[in-house]
Amino acid sequence: MTIILQHKLQRGICTRLIALLDSRWGFVPPVLLALVLMTSAAEPFADDQLPPQDKPLPVAAVEALNALSGGPHAGFRANHAKGLLTSGTFTPAKQAVDLSEAPHFTASVPVLVRFSDPTGVPNLPDADPNASPHGMAIRFQLPDGSSTDIVSISANGFPVATPEDFVTMLQAVAHSGADVAKPTPIEQFLGSHPAALKFVTTPRPAPESFATLAYFGVNAFKFTNAAGKSRFARYQILPVAGEYSLSDADAAKAKPSYLMDELPRRIANRPVKFRLVAQLANDGDPTNDATAVWPDDRQQIELGIISVDATSAEQVAAQKALLFNPLTLPKGIEPSEDPVLLFRPAAYAVSFGQRAQ
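Here is what the cut-offs are and how they apply
Residues numbered from 1 in each chain as written. Predicted model: local features only at pLDDT ≥ 70, side-chain atom pairs only at ≥ 80, totals over all residues. Heavy atoms only, no water. Axes fitted to C-alpha atoms, helices over the stretch in contact; angles between N-to-C directions. Helix = DSSP H or I, 4+ residues; strand = E, 2+ residues; numbered from the N terminus. Parallel < 35°, antiparallel > 145°, perpendicular 65-115°, else oblique. Left-handed = near helix turned anticlockwise from the far one by under 90°. Contact = heavy atoms within 4.5 Å. Nonpolar A, V, L, I, M, F, W, Y, C, P; charged D, E, K, R; others polar. Phe/Tyr/Trp six-rings, centres within 6.5 Å; stacked < 30°, edge-to-face > 60°. Buried < 20%, exposed > 50% of the residue type's maximum accessible area, 1.4 Å probe, protein only. Expected span 1.5 Å × (residues − 1). Core = buried A, V, L, I, M, F, W, Y, C linked by side-chain atoms within 4.5 Å. Salt bridge = Lys/Arg side-chain N within 4 Å of Asp/Glu carboxyl O.

Enquirer: Could you give me a rundown of the packing of helix 4 (residues 57-69) against helix 12 (residues 339-356), with the residues and numbers involved?
Expert: The N-to-C vectors of helix 4 and helix 12 enclose an angle of 55°; their axes lie 8 Å apart at closest approach. Between helix 4 and helix 12, the crossing angle belongs to the class labelled oblique. Handedness of the crossing formed by helix 4 with helix 12: right-handed. On helix 12, the residues that touch Leu57, Pro58, Val59, Ala61, Val62 and Asn66 of helix 4 are Phe343, Ala346, Ala347, Val350, Ser351 and Gln354. Here the contact of helix 4 with helix 12 is composed, by residue class, of nine nonpolar, three polar and no charged.

Enquirer: So what about the packing of aromatic side chains? Which residues, and what values?
Expert: Counted according to the given criterion, the structure contains nine aromatic pairs. Ring centres 6.1 Å apart and planes at 35° place the aromatic pair Phe115 and Phe274 in the tilted group. Of this pair, Phe115 sits in strand 2 (residues 109-116) while Phe274 sits in strand 8 (residues 272-280), and the two are 159 residues apart along the sequence. By relative accessible area, Phe115 is classed as buried at 0%. Between Tyr215 and Phe274, the ring centres sit 6.0 Å apart and the planes meet at 65°, which makes this aromatic pair edge-to-face. Taken together, the positions of Tyr215 in strand 5 (residues 215-216) and Phe274 in strand 8 put the pair 59 residues apart, joining distant regions of the chain. With respect to class, Tyr215 is no different from Phe274; both count as buried. Taken together, the ring pairs connect Phe115, Phe210, Tyr215 and Phe274 into an aromatic cluster.

Enquirer: If you had to explain helix 10 (residues 258-269) to someone new, which residues and values would you point to?
Expert: Taking 1.5 Å per residue as the helical rise, helix 10 with its twelve residues ought to reach 16 Å, and the 17 Å between its terminal C-alpha atoms agrees with that figure. For helix 10, the full list of buried residues reads Tyr258, Leu259, Met260, Glu262, Leu263 and Ile267. On its buried side, helix 10 packs onto strand 1 (83-92), strand 2, strand 8 and strand 9 (300-311).

Enquirer: Explain the nonpolar core residue by residue, including any values.
Expert: Counting residues in each nonpolar core, the largest one holds 46 residues, and the members touching the most others are Ile138, Phe140, Ile237, Leu276, Leu303 and Ile306. Look past the residues within four positions of Ile138 in its chain and what remains in contact with it is Val111, Leu112, Val113, Thr148, Asp149, Ile150, Ile237, Ile306 and Phe324. Judged by nonpolar contacts, the second largest core, of 28 residues, contains Ala78, Val167, Leu170 and Ala196.

Enquirer: How would you explain the pattern of salt bridges if you had to name every residue and give the values?
Expert: Tallying each qualifying case throughout the model produces nine salt bridges. Linking Glu63 and Lys55 is a salt bridge whose minimum nitrogen-to-oxygen distance equals 3.0 Å. Given a relative accessible area of 29%, Lys55 falls into the partly exposed group. Between Asp126 and Lys82 there is a salt bridge, with the nearest N and O atoms lying 3.0 Å from each other.

Laid out in structure tokens, this is it:
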């Protein structure tokens, strides 16, 4: 049924349906979201593009993540399983309306912010090399009762440009054990995918705190202001406290959950703040490829301040119930044609269905 839908439904219909449901009910039922978003890959799949298991790519991706983490782990996400949920406020900058007429750029709104470690391992040590890049997901609770989300990681760029390559990369890792002949599947993959090689070889020291990391929305969005002027941009979320990391010696001595334990103590003393910035694309900059990092000299617009001032009292149930969807967008923000962006909600929905069982 899902594969038939993938051939029959166009992603524009899916996006409009999700937006309609969200505006009508304030949320999208997870089961319906999973069904609808299965159709949201960049193009309908041809027969020869299906993954080897003849399963939809979102399902194949979640299963590959489960295989790498020894999962599925009951009640946890397939990726970014270990996390901390916080709350606060977003206060827009005056110039935010120059970029977009989105409602959270005109007035302060509450936010939920989830900080996380990658992989599906729920007890992964925070300083483990596999725990980076870390994640920061933000839900803006809009005045009309709806919401919009940003999903970001502490790396500027993504290792692959397509969902197909993402699944292939995960499967290559899974088939590259110590006893596998050289070159291993992942060595072969990295040898033919320079962006992935750069991503995995970039040093990422353990941070002092979630509050001292910069986070990046690796996918581009189209922003339109009230005058009808549109620009493509990517989010950057920059710590007001500055960027600081641990030495190798301190990282080796760090407690397994030092990041999860440190942030609530920091918040109890004073709010943790981040600048939300939009990096604007120049003409000719790719907006449909998450591996193509734009140069630092591109114009930036300050969108506002995210101030995190509380740690959620109920972590387990609240995190389990929370499904971030970067395609739930208000007027003034539209998705780009980036296939990784359009794939994300479908994979998140599959993961949600798994942990909700």
